[in-house]
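# Remarks on the overall topology
For reference, the chains in residue letters:
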Amino acid sequence: MDITKQNFLEQLPSIREAIQNATFFAMDCEFTGLASDRTIFPFDTPEEVYLKMVENSPPYIIVQFGLCAFRVEPPGEEEEDEKKDGQPRVSYQCYNFYCYPKGRTNVFSCQGESMRFLADNGFDFNRLFREGLSYANETEEQRYRADLKDRQATRAANILAAAESDLTEEEPKLGEVNDVNMIPVPPEHQQQVDDTAASIEEFLQSDRQELIVGSCNAFQRKLIYQMIEQRYQRKVSTSTVSLENNQKAIKVERKRSTEEEQALDEQRRTRENDDLETNVGLSLVLQELAKARKLIIGHNMLLDLFYVLRQFFKPLPADYQEFKKLTKEYFPLLLDTKYLCTNAEIKVNVNSSVLAHVYDAVSKAPFSIPTVHPELPDYQYSVDDEKKHEAGYDAYLTGLCFLGLVSKFKANLLQLPKDPNLKHYLNRIFITRLTDVNYIYLNGKEPTQTREHIFYATFPETWRTGDIQNKFKPFGPVHVSWLDNTSAFVALHNRSAASSVLKMIGYHSGFKVYNFAQFTQMKLQRPGAKRGRNGSSSASPGEDAGVRSAQPVNQRPSGEEKGQKEGQKIERPQTNTTAAKRKGTDEATPPTNEADKDATAAKDDEHDNDEDNGGGWRTVKKARKTFTDNNDW
């Protein structure tokens with residue numbers, strides 16, 4: 001079901017009920033842009049990845065949030081087929097929220113390629129801009145509620161004060177105003193205030209039922225209300241109305257009784273409270289989801305989690321451990337199906353962790369997907385009617401993939417968080433592009449890995465993978481992870497040979513080799529490098545930052561390096577390796593500028609990054625190919 005500001009208040013109670021009754025959830029998001037992964041190196045730690053994301057992430061936002069609530073129940077009498085099989089009954093309710101910030105102060109970024117990608121996949125931008133739900137983080141919501149409470153309390157006090165004044169029959173003195181926030185009338189607005197006062201005097205002498213004071217902006221209405229309270233407190237009552245052109249105006253009526261004023265104020269409170277709920281909007285749903293503290297499933301969900309926390313709750317902390325604490329505070333049970341696909345038993349039958357490919361794999365033996373029943377028959381999804389890159393559909397498909405994957409473990413769907421096989425995958429969030437520790441572990445520390453067998457090499461731009469392998473041939477087979485056209489990581493399969501590399505590797509003009517410890521020092525000594533809690537930092541792969549302690553094997557600088565001042569900051573490389581991998585080219589093929597043109601981000605990059613090193617996937621060598629559009633992709 002699509003949820004916009006048109007039906008949000010009507011559907012909010014049923015959405016909350018669905019969340020309360022659900023057994024687990026699947027979620028997915030569509031964004032105005034994707035945080036760049038070009039600064040992420042294959043051997044970064046999870047902490048370094050997080051810090052780079054915080055440092056380099058533009059203010060992109062979620063524009064569509066998909067939430068699918070799955071409910072699992074023991075088989076009932078009415079479900080005879082399921083009762084025979086002893087399978088529980090699984091049902092779902094799926095919601096597709098359009099999300100758009102309101103107000104002049106809300107500013108966000110867009111990534112051209114991501115927006116084009118959404119348009120190519122049928123995203124309704126007109127509906128987004130016109131009907132998208134607003135949202136507010138915790139600080140904004142507190143301010144909204146406090147301001148509204150103050151306004152309502154002031155109005156109630158004014159009504160009581162007017163009633164007491166009527167009882168004592170005291171006429172307010174000219175210039176005496178109850179509003180402590182009274183503001184002086186600027187000279188340029190004085191004539192309008194005086195004209196309005198004259199109109200009210202004329203109205204009181206007539207037999208008309210009401211007077212409409214329009215053609216005012218918000219500040220002018222404030223001045224007029226102030227004047228009316230000062231001069232006509234016991235003679236007229238006022239309220240705000242909307243004209244046909246959606247402009248607000250002041251309706252002036254003859255003085256109502258205290259009971260009528262209180263009844264009218266109660267109606268106004270109801271409208272204001274509804275308006276507040278609409279302004280907080282989608283954040284109310286996320287708050288309900290956080291309060292449920294139930295299992296939430298996502299596919300390659302790091303970016304979804306990153307944006308959800310930042311947009312609907314709090315700014316992301318600069319400290320990695322604080323990020324983990326914050327995440328568990330709101331979402332204590334998370335499972336990333338992308339990471340679940342790294343399970344050795346599953347990888348035998350699931351050779352690609354692209355979401356659509358996972359569904360194809362788990363739709364047949366040895367997996368099985370139970371029948372899922374829509375609780376809202378008029379608003380259901382079907383894999384026969386694909387709506388790829390609609391957040392609600394992708395959330396639904398993620399839930400189906402999860403059900404298929406856990407069938408491999410014969411997991412008890414009624415007790416998923418307690419399943420002994422799944423506990424090894426709970427709260428481990430997959431990180432694309434990392435070679436060894438490719439996840440964030442929210443419950444504790446990630447395992448540490450030795451880096452003695454990893455070397456950082458810089459070389460001429462004309463070199464290819466074979467040139468690098470030939471230089472390291474005396475030390476056995478190697479794995480090359482390209483960073484840009486002139487640098488790469490080289491990992492030895494024979495770790496025992498690592499100690500002799502810097503001593504024995506041959507000389508070549510423009511070729512330098514550093515061990516991983518030296519590379520880390522180069523990052524830390526780069527001017528302006530930002531260190532995290534444990535001294536981690538982000539750096540561009542081609543920078544040596546003028547490090548003299550990290551001596552390369554060759555002592556003669558190349559011509560390219562002579563023109564580079566010591567300590568000079570170099571632009572971040574355009575890591576075309578990413579583009580090459582996404583398009584199915586050999587990981588060992590050095591990047592090209594042409595391939596990089598299509599490397600920008602569509603949402604399916606999150607789902608389609610299976611040719612990377614993360615999760616132990618094997619790279620399949622294919623011919624280099626440049627795709628012209630997302631359909632080819």
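Look up: the structure comes first, before these words.
If you're wondering where the values come from, they're calculated on a predicted model, not measured in any experiment. (Residues numbered from 1 in each chain as written. Predicted model: local features only at pLDDT ≥ 70, side-chain atom pairs only at ≥ 80, totals over all residues. Heavy atoms only, no water.)

### Some details on the overall build of the protein chain
Within the protein chain one finds 23 helices and 16 strands. When the 633 residues of the protein chain are sorted by exposure, 53% land in the buried category. At a minimum sequence separation of 6, the contacts of the protein chain that also span at least 24 residues come to 75%. For the protein chain, the exposed surface amounts to about 30,200 Å²; the carbon and sulfur share of it is 46%. (Helix = DSSP H or I, 4+ residues; strand = E, 2+ residues; numbered from the N terminus. Buried < 20%, exposed > 50% of the residue type's maximum accessible area, 1.4 Å probe, protein only. Contact = heavy atoms within 4.5 Å. Areas by Shrake-Rupley, 256 points an atom, 1.4 Å probe, with all protein chains shown as cover.)

### Considering the sheet that holds strand E14 (residues 478–484)
Strands sit in the order E14-E15-E13-E16 across an open sheet of four strands; the sheet is antiparallel. Pairing within the sheet leaves two strands with one partner each, and these edge strands are E14 and strand E16 (512–515). The sheet shows a mean angle of 25° between the axes of neighbouring strands, direction not considered. Of the strand pairs in this sheet, strand E13 (residues 454–458) and strand E15 (residues 487–492) are connected by five bridges, and their pairing is antiparallel. Looking at E15, one finds that Ala457 is bridged to Ala488. (Pairing = 2+ DSSP bridges. Axes fitted to C-alpha atoms, helices over the stretch in contact; angles between N-to-C directions.)

### Considerations on the environment of Pro315
Here Pro315 lies in the loop between helix H11 (302–312) and helix H12 (320–330). The exposed category is assigned to Pro315, whose relative accessible area is 66%.

### Concerning the pattern of salt bridges
This model, assessed by the stated rule, comprises 15 salt bridges. A salt bridge links Glu141 to Arg145, with the nearest nitrogen and oxygen atoms 2.9 Å apart. Taken together, the positions of Glu141 and Arg145, both in helix H6 (residues 138–168) and four residues apart, correspond to about one turn of that helix. Residue classification places Glu141 among the buried residues on the basis of a relative accessible area of 10%. The class of Arg145 is partly exposed, set by a relative accessible area of 33%. Of the charged contacts, one joins Arg268 and Glu272 as a salt bridge, the two residues approaching to 3.5 Å between their closest N and O atoms. In this pair, Arg268 and Glu272 both sit in helix H9 (residues 258–280), four residues apart, roughly one turn of the helix. In this structure Arg268 comes out as partly exposed when scored by relative accessible area, which is 29%. One continuous salt-bridge network, built from bridges that share partners, spans Asp2, Arg127 and Glu131. (Salt bridge = Lys/Arg side-chain N within 4 Å of Asp/Glu carboxyl O.)

### Comments concerning the nonpolar core
Counting residues in hydrophobic clusters, the biggest one holds 69 residues, and the most contacted among them are Phe65, Phe97 and Phe331. In terms of residues, this core owes the most to one element, H11, which gives eight residues. Those residues in contact with Phe331 that lie beyond four places of it in its chain are Leu286, Leu289, Ala290, Ile296, Leu305, Val308, Leu309 and Phe313. Ranked by size, the runner-up nonpolar core spans 45 residues in total, among them Cys94, Val372, Ala395 and Tyr396. (Core = buried A, V, L, I, M, F, W, Y, C linked by side-chain atoms within 4.5 Å.)

### A look at the packing of helix H2 (residues 46–56) against H11
Packed helices, taken two at a time, are described by the angle their axes make and the gap between the axes. Close contact between H2 and H11 brings their axes to 12 Å; oriented N to C, the two are set at 50°. What the angle tells us is that H2 and H11 run oblique. The hand of the H2/H11 crossing is right-handed. Each of Tyr50, Met53 and Val54 in H2 lies in contact with H11, whose residues at this interface are Leu302, Leu303 and Phe306. (Parallel < 35°, antiparallel > 145°, perpendicular 65-115°, else oblique. Left-handed = near helix turned anticlockwise from the far one by under 90°.)

### Quick look at the sheet that holds strand E7 (residues 248–254)
Judged by pairing direction, the sheet is antiparallel, and its three strands sit side by side in the order E5-E7-E6 without closing on themselves. Two strands close off the open sheet at either side, each with one partner strand: strand E5 (210–213) and strand E6 (236–242). The sheet shows a mean angle of 25° between the axes of neighbouring strands, direction not considered. As paired elements, E5 and E7 share four bridges and run antiparallel to each other. Following the sheet pairing, Leu211 is matched in E7 by Val252.

### A look at the state of the cysteines
Structurally, a disulfide amounts to a covalent bond that connects the sulfur atoms of two cysteines. Scanning all chains against the criterion turns up zero disulfides. Not part of a disulfide, Cys68 finds its nearest cysteine sulfur in Cys94, a span of 3.4 Å. Between Cys99, a cysteine without a disulfide, and Cys29, which holds the nearest cysteine sulfur, the sulfur-to-sulfur distance is 9.2 Å. (Disulfide = S-S within 2.5 Å.)

### Digging into the pairing of strand E4 (residues 89–98)
With ten of ten residues buried, E4 lies mostly within the body of the structure. Note: strand E1 (residues 2–3) against E4, two bridges, orientation parallel. The residue bridging Asp2 from the neighbouring strand is Asn96, located in E4. The pairing of E4 with strand E10 (residues 372–374) spans three bridges and is classified as parallel. Bridge pairing links Ser91 to His373 in E10.

### Looking at the packing of helix H15 (residues 355–362) against helix H16 (residues 391–406)
Put simply, H15 and H16 touch, their axes get as near as 9 Å, and they point 40° apart. Between H15 and H16, the interaxial angle falls into the category oblique. For the pair H15 and H16, the sense of crossing is left-handed. Judged by residue contacts, Leu355, Val358, Tyr359 and Val362 of H15 engage Asp394, Leu397, Thr398, Leu400, Cys401, Gly404 and Leu405 from H16. A breakdown of the residues in the contact of H15 with H16 according to their chemical character gives eight nonpolar, two polar and one charged. (Nonpolar A, V, L, I, M, F, W, Y, C, P; charged D, E, K, R; others polar.)

### Concerning the packing of aromatic side chains
Under the defined criterion, the tally for this structure stands at 39 aromatic pairs. Both rings, one in Tyr339 and one in Tyr439, keep their centres 4.9 Å apart while their planes meet at 55°; by these two values the pair is tilted. Of this pair, Tyr339 sits in helix H13 (residues 337–340) while Tyr439 sits in strand E12 (residues 439–441), and the two are 100 residues apart along the sequence. Neither residue differs from the other here; Tyr339 and Tyr439 are each classed as buried. Ring geometry for Phe516 and Phe519: centres 5.8 Å apart, planes at 50°, overall tilted. You can see Phe516 and its partner Phe519 sitting in helix H19 (residues 516–525), three residues apart, about one turn around the helix. Neither Phe516 nor Phe519 differs from the other in exposure class; each is buried. Each residue in the set Phe24, Phe70, Tyr92, Tyr381, Tyr393, Tyr396 and Phe402 is aromatic and connected to the rest through ring pairs, giving one cluster. Here the basic side chain of Lys52 rests over the ring of Phe41, its NZ or CZ set 4.0 Å away from the ring centre. One cation-aromatic arrangement involves Arg428 over Tyr441; the distance from NZ or CZ to the ring centre is 4.0 Å. (Phe/Tyr/Trp six-rings, centres within 6.5 Å; stacked < 30°, edge-to-face > 60°. Lys NZ or Arg CZ within 6 Å of the ring centre and 35° of its normal.)

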